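Summary of structural features
Spelled out, the chains give:
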Amino acid sequence: MARVLTSQAEDFPRWYQDVIAKAELADNGPVRGTMVIRPYGYAIWERIQAEMDIRIKACGAQNAYFPLFIPESYMRREAEHVEGFSPELAVVTHAGGKELDEPIIVRPTSETVIGEFMAKWVQSYRDLPLLLNQWANVVRWELRPRLFLRTSEFLWQEGHTAHADHDDARDYARRILHEAYEDLMVNVLAVPVLVGRKTKQERFAGAINTLTCEAMTLDGKALQMGTSHELGQNFAKAFDIQYTSAEGGREHAWTTSWGSSTRMVGGLIMVHGDDDGLRVPPALAPTQVVVIAIKPEVVDAVHKIGDDLRASGVRVVVDDRADIPFGRRAVGWELKGVPLRVELGPRDLEANAATLARRLSGGKSPVPLGELGAEVTRLLAVEQQAMLDGARADRDARIADVSTVDDAAAAGAEGWAKVPWDTLGEDGEAKLAQSGVTVRCLQRTDGGVPDTDTEAGLVAYVARSY
């Protein structure tokens, strides 16, 4: 059978585009840089969204919604913020057949508009902390678009919180990083992210600290999967978010913001995919098992198997399209990365068994129908752990320990490098940037997240990035 996809070794970017097209995840939109998410791609996003929403709510945040259009004057209240976003802004100057008195920004992020309403809603220390999240689309005009990774419009969640003091804001930003983002990425997406602190150069515009989850893709680059920001009192002062303290004084709040997006779908492809297509971890997969009828005479039996598996809590699709050649259907489900396939033909049915095919680790084996439910449940857990272990081993094998800036640049061009931050520093960071290598995050030697980037003994992870 002719290969459906370009191989990763031959052309990794082309392979990535092939997977998106052949697995029916997305198409390019009619305006350059926009994206049409197809039903299967959206089903994956819905699963990510549902799992993330549970975790965000467990951290105490509530969902709300704020306008897509933001007055230009709001953006200009926080100088560093507007400067950081200025090249990416989409601006509306005409509407309703006439020129607007004030241009309107199509939201690139919502710190400014939410800050305006926090100032209305926060009056007393009793109103704090105010913990908000919204699921929305945002627009950041992208010069070099790539589906899911960088598009001019994308879907995301953005959290925004206000707190009575610095420590509470700092602790909440970290809680989101670990309990929402890291937990989802590691335990659902099976992506072993590094969590750490961004350098001043890489920090979010207007923040006093940015925390990040960084994944390694199969071509050795870094992909920022989610970030959590401490905004200090910068936005509170710009938007006059003040509260009356328990002692009766007036204080500015401390705020945070944090976001993750459909970029995680791109990360899923680029961390787990292979030359046969997508591989979706069972905990995430919209379809964990597909039950395939090889011949028309077993259609009733595959529907019975599907019903039994659903009753045990498995997400199942029954493929009863017996008029389509079995091989074509099997390749299609492999492209989509469905973890397990149950294949049933007349001979299998006579033997009271089915063939169980494992997409993630490969191989097929016959399983008695009476044992199928238990074996499917067992293998889903096994494959989930195997994907995480495999991705972690691959990542760790491609992180080079180096001690000089030049060695960091050389290693970072091929994979990741780990270098003492005291050795690198801001001057070394600037030198790396000349060769397209950036500092992805800073960590303590025990893997912990530092409180500042001036702590002694920190290590920097550097790489090229998407």
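Just above, that's the structure.
Let me sum up the structure you'll find in this document.

Focus: the pattern of salt bridges
Pairing is possible between side chains of opposite charge, provided their charged atoms come close. Inspection of every chain in the model, using the stated rule, returns 30 salt bridges. Linking glutamate 179 and arginine 175 is a salt bridge whose minimum nitrogen-to-oxygen distance equals 3.0 Å. Highlighted residues: glutamate 179 and arginine 175, both in helix α6 (residues 166–187), separated by 4 residues, approximately one helical turn. Between aspartate 307 and arginine 310 there is a salt bridge; the shortest N-O distance is 3.0 Å. Placement of both aspartate 307 and arginine 310 in helix α9 (residues 299–311) is noted, with a separation of 3 residues, approximately one turn of the helix. The partly exposed category is assigned to aspartate 307, whose relative accessible area is 45%. Classification of arginine 310 by relative accessible area gives partly exposed; the value is 39%.

Regarding the packing of helix α2 (residues 39–58) against helix α8 (residues 263–272)
Where α2 contacts α8, the axes come no closer than 10 Å and their chain directions differ by 115°. One finds that α2 runs roughly perpendicular with respect to α8. Of the two elements, α2 crosses α8, and the hand of that crossing is right-handed. Packed against α2, whose contacting residues are Ile44, Trp45, Ile48 and Met52, the element α8 presents Met264, Val265 and Leu268 at the interface. Across the contact of α2 with α8, the residue classes break down as 7 nonpolar, no polar and no charged.

As for unusual backbone geometry
Cis peptide bonds are those with omega within 30 degrees of zero, and the linkage from leucine 128 to proline 129 qualifies with -5°. Following the sequence through the fold, proline 129 ends up in the loop between α5 (111–121) and β7 (130–139). In this model, glutamate 24 sits at a positive phi of 60°, which is unusual for a non-glycine residue. Mapped onto the elements of the fold, glutamate 24 is located in the loop between α1 (12–22) and β1 (26–28). The exposure class assigned to glutamate 24 is partly exposed, which follows from its relative accessible area of 35%.

What about the pairing of strand β6 (residues 98–106)?
When a strand is regular, its side chains alternate between the sheet's two faces. Looking at chain direction, strand β4 (residues 69–71) and β6 are connected through 3 bridges and run antiparallel. Directly across from isoleucine 70, in β6, lies its bridge partner isoleucine 105. Of the pairings in the sheet, the one linking strand β5 (residues 90–95) to β6 comprises 5 bridges and is antiparallel in character. By the bridge assignment for β6, alanine 90 is matched with valine 106. In this antiparallel pair of consecutive strands, β5 and β6, the connection spans 2 residues, and glycine 96 shows a positive phi of 65°.

Thoughts on the sheet that holds strand β15 (residues 289–293)
One open sheet accounts for 5 strands, arranged β16-β15-β17-β18-β19; its pairing is mixed. The sheet is open, and its two edges are formed by β16 (316–319) and β19 (364–368), each paired on a single side. Direction aside, neighbouring strands of the sheet carry axes that sit 25° apart on average. Bridge count for β15 against strand β17 (residues 340–344) is 5 bridges, and the pairing is parallel. When the bridges of β17 are listed, alanine 293 appears paired with leucine 344. Each of β15, β16 and β17 is contacted by helix α10 (residues 326–336), which is oriented at about 175° to β15, the strand it contacts most.

With respect to the packing of helix α13 (residues 405–412) against helix α14 (residues 421–433)
To describe two helices that pack against each other, one gives the angle between their axes and the distance between the axes. Where α13 contacts α14, the axes come no closer than 10 Å and their chain directions differ by 50°. Looking at the two axes, α13 sits oblique to α14. Both α13 and α14 take part in a crossing whose hand is right-handed. For the pair formed by α13 and α14, the contact residues are Val405, Asp406, Ala408 and Ala409 on the first element and Thr423, Leu424, Gly428, Lys431 and Leu432 on the second.

Calculation notes
Residues numbered from 1 in each chain as written. Predicted model: local features only at pLDDT ≥ 70, side-chain atom pairs only at ≥ 80, totals over all residues. Heavy atoms only, no water. Salt bridge = Lys/Arg side-chain N within 4 Å of Asp/Glu carboxyl O. Helix = DSSP H or I, 4+ residues; strand = E, 2+ residues; numbered from the N terminus. Buried < 20%, exposed > 50% of the residue type's maximum accessible area, 1.4 Å probe, protein only. Axes fitted to C-alpha atoms, helices over the stretch in contact; angles between N-to-C directions. Parallel < 35°, antiparallel > 145°, perpendicular 65-115°, else oblique. Left-handed = near helix turned anticlockwise from the far one by under 90°. Contact = heavy atoms within 4.5 Å. Nonpolar A, V, L, I, M, F, W, Y, C, P; charged D, E, K, R; others polar. Pairing = 2+ DSSP bridges.

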